[in-house]
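Structure assessment
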Amino acid sequence: MSTIIYHNPRCSKSRTTLAILEQKNVNFEIIKYLENPPNSSEIKQLLTDLNLEARLLMRKGESEYKEQGLDNEALTEEQLINAMVKTPQLIERPIVRTSKGVVIGRPPENVLSIL
């Protein structure tokens, strides 16, 4: 399995994580997830691999989070996942997958644990 980074070039944490991969001479594939959003099954797999509930993968500070009423605790995992599919900027970033696991690069040094 190759290394994959779900990347947003406008995010400083994502750029720093990308730089760590480059410094470590890791061969990786960049998925610009705002342009090519993951589908529902891909998000479910990421959640499983990260051992997270959907809400913990969401950027709660994004205006879309409040606008879509995603702070409603009654929403199901499926509803939250569908919101991330529809509005990928809600997905926390960056996410890195290697053969050793999956981490969120916050802080970017988290990626070192799976290299």
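Everything quoted here is computed from the prediction, not taken from an experiment.

Counting secondary structure elements, the chain contains four helices and four strands. Moving toward the C terminus, one meets the helices and strands of the chain in the order β-α-β-α-α-α-β-β. A compact globule built from 115 residues would reach a C-alpha radius of gyration of about 13 Å, and the chain, at 14 Å, matches this within 12%. Taken across its 115 residues, the chain has 45% of its residues classed as buried. Sequence-distant contacts in the chain: of pairs separated by 6 or more residues, those separated by 24 or more amount to 60%. Surface summary for the chain: the accessible area is close to 6,300 Å², and the carbon and sulfur share equals 46%. Here the chain contributes 15 positive and 15 negative side-chain charges, whose respective centroids are spaced 5 Å apart.

Among the nonpolar cores identified, the biggest contains 22 residues, and Leu57, Met58, Met84 and Ile95 are the most heavily contacted of them. Going through the elements one at a time, β1 (3-7), α2 (40-50), α4 (77-86) and β4 (101-104) are the ones with two or more residues in this core. In this structure Leu57 touches Ile43, Leu47, Leu50, Met84, Leu90, Ile91, Glu92, Ile95 and Ile104, once residues within four positions along its chain are discounted. Leu18, Val96, Val111 and Ile114 belong to the second-largest nonpolar core, a separate cluster that totals nine residues.

What counts as what
- Residues numbered from 1 in each chain as written.
- Predicted model: local features only at pLDDT ≥ 70, side-chain atom pairs only at ≥ 80, totals over all residues.
- Heavy atoms only, no water.
- Helix = DSSP H or I, 4+ residues; strand = E, 2+ residues; numbered from the N terminus.
- Rg over C-alpha atoms; globule rule 2.2 N^0.38 Å.
- Buried < 20%, exposed > 50% of the residue type's maximum accessible area, 1.4 Å probe, protein only.
- Contact = heavy atoms within 4.5 Å.
- Areas by Shrake-Rupley, 256 points an atom, 1.4 Å probe, with all protein chains shown as cover.
- Lys, Arg positive; Asp, Glu negative; His and termini not counted.
- Charge placed at Lys NZ, Arg CZ, Asp CG, Glu CD.
- Core = buried A, V, L, I, M, F, W, Y, C linked by side-chain atoms within 4.5 Å.

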